[in-house]
Amino acid sequence: PDRAEETWAVVVGSVCSLGSVGTGGMEGTEGVGESDGVEEAAAATSYDSWIQRTFDQVLRTSDLRLSLPAGQPVTVLALERYMAEVPSPTMPSKAAVSSSHVHDAPLPTYCYDVTITDGVYSEKCLLAPELNLLVHKNALHCGSCVEITRCSYMYNEKKLCDGFLCIEQLKIMGMSDVGTPLKQKEYKAKPRMPLKGGKKHYLALWNNEDPYGDIWVEKKLSQDICVDEFKLTSLFHLEMSWKTKMSAQPLLVRVLHKARLRYYGKPDTKLDVPYQAYFEVADHSGMMSMVLWNSLCLEWYNSMKNGTVLLLEQYAVKPSYPFKTQPSLGKLHMKRFSSIEISLNVRDPPAKIHIIPESKVKKEWKLPGIKYDFITRSELDNLPNNHSCDVIGLVKYVGRTERTRKRDHGEDFWIYRWVHIVDGTAEEPFILELFATSQPAVFEQIHPMTYLVCTQMRVIRDTVENGSCTTYLTTSNESQIFITGWHKGQPYTNDTKVKSFIQWIKTQKEAYHMEKTAIGGYYPFPPVPNTFSKYCKNSKVESVLTTISEMEKEIESLHYRERKRIAIQGIISAIRYVSCGSTSQDASGVEPMQMSKQQLFQRCISKSNHVKEGRKKYQQSRETSHGQRSPASVQEQQYIVTRKAQAKRKSETAGKRDPPVSRSPYFTRSSGKKIILHTDVKESCLSRKESQEVTELSQPSGSIYFAFFKAMRKSAFLIKTR
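Residues numbered from 1 in each chain as written. Predicted model: local features only at pLDDT ≥ 70, side-chain atom pairs only at ≥ 80, totals over all residues. Heavy atoms only, no water.

The next thing to look at is the confidence of the model for the protein chain. Model confidence for the protein chain is summarised by a mean pLDDT of 75, while 68% of its residues fall at 70 or above. Across residues 1-8, confidence stays below pLDDT 50; counting only partners more than four residues off in sequence or on other chains, it has 25 contacts. This stretch, residues 89-105, has a pLDDT under 50; its non-local contacts, to residues over four places away or in other chains, come to ten contacts. (pLDDT = per-residue confidence, 0-100. Contact = heavy atoms within 4.5 Å.)

Written out as structure tokens, the structure reads:
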């Protein structure tokens with residue numbers, strides 16, 4: 001009773017940056033407005049073009065830099081990202097010379113080209129690296145209306161072409177409310193390549209796994225060629241003889257698994273298209289990995305699908321990468337040749353690839369078919385952790401697209417979203433964590449009430465101390481996803497469980513399921529561990545706790561739609577009650593009611609005096625009725641009666657008090673200290689404890705404090721009482 005208790009809590013939560021509210025999705029590169037035709041060049045030049053005037057003015061300056069105090073608003077048509085290059089140490093950039101603090105800043109990993117229009121001409125400009133943060137926060141996006149206040153004229157010394165504008169300062173005015181034609185005449189025509197450096201292709205704006213741009217061939221036509229079966233070799237024979245100097249014979253294989261794209265470009269990479277894609281191919285003798293390299297990915301990646309039959313010539317054979325992930329064979333019982341892999345590149349030697357139409361595939365070739373391992377929701381609870389499986393279901397919930405960093409303080413992100421699907425075998429849905437699988441046309445179009453198929457999913461089981469288990473499925477490197485409109489011709493359409501799901505769907509009413517669908521919103525999954533020690537095991541030691549002073553920096557450092565889980569430690573100083581019934585009310589939007597120091601002081605003094613008077617009357621009546629007891633028995637009975645009286649007062653007060661409302665003041669730790677300090681120091685320890693308890697019960701939100709304290713011990717808080 002002599003010690004003031006301090007409650008410590010570690011709060012674990014998630015912070016997520018949503019960026020500016022201007023774009024509905026992750027693309028960020030779609031044009032604004034549509035036009036059926038393009039105006040003639042002669043008619044366009046009759047207007048006053050801001051782009052034309054700016055080019056004329058900047059070329060007349062001595063340092064090729066122009067300040068525009070009264071700029072004209074222009075509209076952003078496109079934002080395109082590409083890998084930056086390491087600058088030469090002897091040739092510093094103009095921005096680095098003019099700004100001293102840039103020397104300490106890390107070099108940007110990526111550059112951005114911005115296509116703008118003034119209503120007459122369109123022009124592709126370079127965004128200065130100092131403004132990259134506007135793209136990271138999605139403050140600058142397609143459809144933005146901006147006012148350029150400073151720009152410069154730059155030359156690309158690695159390309160034989162004209163110079164370009166570099167935007168060094170701009171003001172974001174908001175969203176453009178004028179529909180701008182997508183196809184406008186460029187003031188200075190430029191090739192579809194990055195403006196700066198020697199890179200020859202653009203990347204997707206928000207990740208590196210999705211193919212982006214017209215350089216990616218959508219589909220290669222099947223070739224009707226004659227296959228000489230006597231010249232073919234098998235994968236088994238290839239593994240036995242690959243070290244000899246004999247030239248590799250043609251291979252006839254079927255694609256069983258297809259992995260997502262891997263971009264391995266770096267600022268100092270000299271390759272034009274540093275891409276890599278793994279495939280698992282098989283013939284009658286076994287299965288082996290096949291790697292597609294660099295520019296061949298642009299030409300063949302979209303055409304090589306699961307089930308495609310390939311005729312390979314002039315390929316290379318190399319030892320396999322030891323740390324590559326291996327897809328599950330499932331029901332496919334065949335030998336895996338894991339010591340070597342087939343390498344397809346544009347040179348050394350130049351590979352020849354032919355796609356054989358399915359109608360031309362002969363049974364004599366004995367190519368294995370694809371076998372799936374579909375499971376139902378009722379079977380999921382019996383599967384072990386990390387088990388590989390395939391699922392099909394009706395989409396009931398689709399979460400918003402979120403991003404997480406691949407490395408701390410890096411600019412590379414994974415893109416993922418949470419999805420719920422049902423298959424009719426259980427009341428609980430499948431909970432799916434879907435990462436981007438290099439299928440942007442499918443990944444971005446997942447919506448409720450569509451039929452979703454996910455292959456090569458892994459089971460994640462998180463068992464806690466009390467025996468409860470959180471189970472969900474996550475994608476692997478070889479996962480593929482398909483939605484309604486993409487199922488035709490896929491090998492899984494003949495699977496027994498897929499047919500059973502289709503039969504169940506035919507018996508369902510669409511209106512019944514539509515009522516239970518949802519899209520978007522914040523989905524905190526998987527849940528936070530119920531103990532802080534387990535949370536520490538799943539986190540890095542140096543990033544377990546974040547101080548409150550650093551929390552603001554953590555939030556400011558978030559990129560667009562980035563989600564990051566942090567933990568903060570501190571003393572609980574104030575708690576507000578929020579009714580569970582008022583779901584539309586946001587606690588963060590209600591102004592807290594704090595009592596002034598004078599009001600709190602007067603309240604503490606009056607309640608302390610009231611407690612003293614009540615205690616004196618009680619002691620006088622007790623001494624009169626029990627005057628014949630011994631001192632020891634009197635002290636013992638005094639302790640027992642006091643404890644019972646406290647419990648009785650607590651129960652009566654709790655039963656008569658009205659339920660608290662959200663407008664009640666805080667119960668603060670500072671007010672509790674003042675109550676103790678203004679109590680008579682000459683009173684006994686027992687009296688001081690009784691006074692403090694009665695004062696606490698008189699607070700309107702006192703029971704809320706204890707209820708919240710008890711709930712925190714069971715949730716994502718670690719309570720330490722000192």
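Moving on: the environment of Arg 377. By the element assignment, Arg 377 lies in helix α7 (residues 377-380). Expressed as a C-alpha distance, the spacing of Arg 377 and Gly 424, which sit 47 residues apart in the sequence, is 8.1 Å. Once residues lying within four places of it in the same chain are set aside, the contact partners of Arg 377 are Asp 423, Thr 425, Ala 426, Glu 428, Pro 429 and Phe 430. Within the structure, the side chain of Arg 377 is placed 3.3 Å from the side chain of Asp 381, a separation counted as a polar contact. (Helix = DSSP H or I, 4+ residues; strand = E, 2+ residues; numbered from the N terminus. Polar contact = N/O pair within 3.5 Å; in protein donor to acceptor, adjacent residues only side chain to side chain.)

We now examine helix α2 (residues 50-60). All buried positions along α2 are accounted for by Trp 50, Ile 51, Thr 54, Phe 55 and Val 58. Each buried residue of α2 lies within a common arc of 135° when the element is viewed along its axis, so the set occupies one face. Summarising the contacts, the buried residues of α2 are in contact with β2 (65-67), β3 (73-83), β4 (110-117), β5 (122-127), β6 (144-154) and β7 (164-175). (Buried < 20%, exposed > 50% of the residue type's maximum accessible area, 1.4 Å probe, protein only. Arc of directions from axis to C-beta.)

Attention now moves to the nonpolar core. Judged by nonpolar contacts, the single largest core of 54 residues is most densely connected at Leu 127, Val 391, Leu 432, Leu 434, Leu 452 and Leu 473. Among all residues touching Leu 127, those that are not within four sequence positions of it are Tyr 112, Val 114, Asn 132, Val 135, Leu 140, Ile 167 and Leu 170. By size, the runner-up hydrophobic cluster in this structure holds 36 residues, among which are Val 273, Met 288, Leu 344 and Ile 353. (Core = buried A, V, L, I, M, F, W, Y, C linked by side-chain atoms within 4.5 Å.)

Moving on: the packing of aromatic side chains. Under the counting rule described, the total for this entry stands at 23 aromatic pairs. Measuring from ring centre to ring centre gives 5.4 Å for Trp 418 and Tyr 472, while their planes differ by 65°; the resulting arrangement is edge-to-face. With Trp 418 in strand β18 (residues 413-422) and Tyr 472 in strand β21 (residues 469-475), this residue pair connects regions lying 54 residues apart in the sequence. The same class applies to Trp 418 and to Tyr 472, which are both buried. When the ring of Phe 501 is compared with that of Trp 504, the centres are 5.9 Å apart and the planes differ by 40°; the resulting orientation is tilted. Here Trp 504 and Phe 501 lie together in helix α9 (residues 496-506), a separation of three residues that amounts to about one turn. Trp 504 shares its class with Phe 501; the two are buried. One cation-aromatic arrangement involves Lys 220 over Trp 300; the distance from NZ or CZ to the ring centre is 4.8 Å. Directly above the aromatic system of Trp 414 lies the positively charged group of Lys 406, at a separation of 4.3 Å from the ring centroid. (Phe/Tyr/Trp six-rings, centres within 6.5 Å; stacked < 30°, edge-to-face > 60°. Lys NZ or Arg CZ within 6 Å of the ring centre and 35° of its normal.)

What follows covers the pattern of salt bridges. Should their charged atoms come close, side chains of opposite charge can pair. A full pass over the atoms with the stated rule returns 15 salt bridges. Its salt-bridge partner being Glu 299, residue Lys 220 comes within 2.9 Å of it at the nearest N-O pair. One end of the pair, Lys 220, is in the loop between β7 and α5 (235-241); the other, Glu 299, is in helix α6 (residues 295-300), and 79 residues separate them in sequence. Relative accessible area serves as the criterion here: at 22%, Lys 220 is assigned to the partly exposed category. Note that Glu 229 and Lys 362 form a salt bridge whose closest N and O atoms lie 3.6 Å from each other. You can see Glu 229 sitting in the loop between β7 and α5 and its partner Lys 362 sitting in the loop between β15 (352-356) and α7, a full 133 residues away along the chain. Through salt bridges with shared partners, one network takes in Arg 65, Arg 150 and Glu 168. (Salt bridge = Lys/Arg side-chain N within 4 Å of Asp/Glu carboxyl O.)

Let's shift gears to the side chain of Thr 115. Relative to the assigned elements, Thr 115 resides in strand β4. Residue Thr 115 is classed as buried on the basis of its relative accessible area of 16%. Contacts of Thr 115, omitting those with residues within four sequence positions, involve Thr 75, Val 76, Leu 77, Ala 78, Glu 123 and Lys 124.

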